[in-house]
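As a plain string of letters, each chain reads:
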Amino acid sequence: RREGPSTAIESRPMPTVDGRLTVGAAAAGYILWKGWKSLAVPACVEGEGLTVFKWFFSPPARLVHVTTLLSKAPATFHEIDLSLGQQLQWWFLRVNPAHQVPACVEGGQFMAESRDLARHIFEKYNTDPANEHWYPRDPARRRAVDEWMDWSKPLHLCIESQVALRLAATPGMPWRENYGIVPVLVGSLLDPPGGRESLLASKLREHLDDAERIISKRSIGGVADLNLGDLTTLQEVCMAFECFEGTTEIIPSSTSLWKEYPHLAHLYDVFQGVPEFTAVHAPFLAFCKRYRQVRGLKDTPLTRARGVLTTISSFLPYAIWNAVLAKLYP
């Protein structure tokens, strides 16, 4: 009689205690290595001059970057790329415990909040009378610019909810390559900074309509008619207009927000005459173009599995290290 193939399951030895210790030691060593890298403090943090921490994709950071250039402040610029997780480096917590850009260090003093930074830098460093239109010395005109700058805060929350979180969760964008599955979980499990209402396309349209109405009441013929309020609002508007270009997600009947908001489009055209703006704007446009090329990609089981591995290997070590050091050095 012929014997059929054996169906016995080959027994495999369980991992030994030494094996588990080796794996644990390797994991701990990896976490320590990742954390140690984040402790290296750049010289600009300890210096006496002005250092501006920025990111080319962040509207508030671009506001401060352009303002610093306009005022000709003797600043050093340090890029903190949020899509690469660079804000999680431990040394940056000294600069801004909220892990956000923009921020700056000036004479050992750490400062944050984009609108306050823009006002402070321009008022302190601008010495060119021809630039006064950006932030007038006249109290009434300055108050109007301040109100216009602050007006865009709710718009920023909408942009953050509908644009930034969407980009972060898109396969093919650097967030997914560095945070793994975390952006997807954040977008699906947590309320956005502006609340659930900020996710509505109708809410974003409402803010854009208001901005268009405000700009339509002004006569903006050239650069001399611009102010920091215009710059603040336009940085937010560009996020929506560039990232939603070619889609009907915001206005179902149109694929171009620039065409639907002619006064905001004109404001953008006038800013093309500001070299400081166009220089800062160029990498932002390139990043938006990258997003438009991959925004149609969908998650697959493979990309989600890869995302989980990336979260474990890249994001968690920083998160654990930050939690440990926060307990040791509150």
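Here, every reference points to the structure presented above.
A brief structural summary. All of these numbers come straight from a predicted model, not from anything done at the bench.

Things to note about the pairing of strand β4 (residues 109-112)
Phase 1: Bridge count for strand β3 (residues 103-106) against β4 is 4 bridges, and the pairing is antiparallel. Paired with valine 105 across the strands is phenylalanine 110, a residue of β4.
Phase 2: Between β3 and β4, which follow one another and run antiparallel, lie 2 residues, and glycine 107 among them has a positive phi close to 60°.

Description of the packing of helix α11 (residues 228-243) against helix α14 (residues 275-294)
Phase 1: Their axes nearest at 9 Å, the elements α11 and α14 cross at an angle of 25°. By the criterion of interaxial angle, the relationship of α11 to α14 is roughly parallel. Handedness of the α11/α14 crossing: right-handed. Touching Leu231, Leu234, Gln235, Cys238, Met239, Glu242 and Cys243 of α11 are Phe277, His281, Phe284, Leu285, Cys288, Tyr291 and Arg292, all from α14.
Phase 2: For the contact of α11 with α14, the residue count by class is 10 nonpolar, 2 polar and 2 charged.

Quick look at the sheet that holds β4
Phase 1: Here we have 4 strands laid out as an open sheet, ordered β2-β1-β3-β4, and mixed in their pairing. Unpaired on one side and paired on the other, β2 (75-79) and β4 mark the two borders of the sheet. Strand-to-strand twist of the sheet, defined as the mean angle between neighbouring strand axes without regard to direction, takes the value 20°.
Phase 2: Sheet topology places strand β1 (residues 50-54) next to β2; 5 bridges connect them, and they run parallel. When the sheet's bridge partners are listed, lysine 54 is paired in β2 with glutamate 79.

Quick notes on the packing of aromatic side chains
Phase 1: Per the stated rule, a full pass over the model turns up 20 aromatic pairs.
Phase 2: With 5.9 Å between their ring centres and 50° between their planes, phenylalanine 53 and tryptophan 91 make a pair best called tilted. Of this pair, phenylalanine 53 sits in strand β1 while tryptophan 91 sits in helix α4 (residues 90-95); the two residues are 38 residues apart in sequence, bridging distant segments of the chain. The residues phenylalanine 53 and tryptophan 91 share a single accessibility class, namely buried.
Phase 3: Taking 5.8 Å as the distance between ring centres and 65° as the angle between the ring planes, the aromatic pair formed by phenylalanine 53 and phenylalanine 92 counts as edge-to-face. A residue pair is termed long-range when its members are at least 10 positions apart, and phenylalanine 53 in strand β1 and phenylalanine 92 in helix α4 qualify at 39 residues.

Notes on α11
Phase 1: Taking 1.5 Å per residue as the helical rise, α11 with its 16 residues ought to reach 22 Å, and the 23 Å between its terminal C-alpha atoms agrees with that figure.
Phase 2: The buried fraction of α11 amounts to 16 of the 16 residues, a majority that puts the element mostly inside the structure.
Phase 3: The N-terminus of α11 is capped by asparagine 227, whose side-chain oxygen sits 2.8 Å from the backbone nitrogen of glycine 229.

Let's talk about the pattern of salt bridges
Opposite charge on two side chains permits them to pair, given that their charged atoms come into close proximity.
Phase 1: All chains considered together, the criterion is met by 18 salt bridges.
Phase 2: Aspartate 116 is the salt-bridge partner of arginine 119, the closest N and O atoms lying 3.2 Å from each other. One end of the pair is arginine 119 and the other is aspartate 116, both in helix α5 (residues 114-125) and 3 residues apart, which spans about a single turn.
Phase 3: Of the residues examined, arginine 119 reaches a relative accessible area of 12% and is grouped as buried.
Phase 4: By relative accessible area, aspartate 116 is classed as partly exposed at 42%.

A word on unusual backbone geometry
Phase 1: For the bond from valine 101 to proline 102, the omega torsion is 5°, close enough to zero to count as cis.
Phase 2: Here proline 102 lies in the loop between α4 and β3.
Phase 3: Non-glycine residue lysine 72 carries a positive phi angle of around 55°.
Phase 4: Summarising the element assignment, lysine 72 is placed in the loop between α3 (59-70) and β2.
Phase 5: Its relative accessible area of 60% is what places lysine 72 among the exposed residues.
Phase 6: For histidine 99, which is not glycine, the phi torsion reads 60° and is therefore positive.
Phase 7: Inspection of the secondary structure assignment puts histidine 99 in the loop between α4 and β3.
Phase 8: On the accessibility criterion, histidine 99 (24% relative accessible area) is partly exposed.

Things to note about the nonpolar core
Phase 1: Of all hydrophobic cores here, the largest spans 71 residues; its most connected members are Phe53, Phe57, Leu167, Trp175, Leu204, Phe241 and Phe271.
Phase 2: The element best represented in this core is α11, accounting for 9 residues.
Phase 3: Non-local contacts of phenylalanine 57, meaning those with residues more than four positions away in its chain, are made with Arg62, Leu167, Trp175, Met239, Cys243, Phe284, Phe287 and Cys288.
Phase 4: Among the nonpolar cores identified, the runner-up in size contains 8 residues, and Leu50, Val52, Leu117 and Ile121 belong to it.

Concerning α14
Phase 1: Between its terminal C-alpha atoms α14 stretches 30 Å, which fits the 28 Å expected from 20 residues at 1.5 Å a residue.
Phase 2: Within α14 the residues assigned to the buried category are Phe277, Val280, His281, Phe284, Phe287, Cys288, Tyr291 and Val294.
Phase 3: On the buried face of α14, the contacting elements are α3, α7 (153-169), α8 (174-179), α11 and α13 (262-271).

Reading the values: rules and limits
Residues numbered from 1 in each chain as written. Predicted model: local features only at pLDDT ≥ 70, side-chain atom pairs only at ≥ 80, totals over all residues. Heavy atoms only, no water. Pairing = 2+ DSSP bridges. Helix = DSSP H or I, 4+ residues; strand = E, 2+ residues; numbered from the N terminus. Axes fitted to C-alpha atoms, helices over the stretch in contact; angles between N-to-C directions. Parallel < 35°, antiparallel > 145°, perpendicular 65-115°, else oblique. Left-handed = near helix turned anticlockwise from the far one by under 90°. Contact = heavy atoms within 4.5 Å. Nonpolar A, V, L, I, M, F, W, Y, C, P; charged D, E, K, R; others polar. Phe/Tyr/Trp six-rings, centres within 6.5 Å; stacked < 30°, edge-to-face > 60°. Buried < 20%, exposed > 50% of the residue type's maximum accessible area, 1.4 Å probe, protein only. Expected span 1.5 Å × (residues − 1). Polar contact = N/O pair within 3.5 Å; in protein donor to acceptor, adjacent residues only side chain to side chain. Salt bridge = Lys/Arg side-chain N within 4 Å of Asp/Glu carboxyl O. Core = buried A, V, L, I, M, F, W, Y, C linked by side-chain atoms within 4.5 Å.

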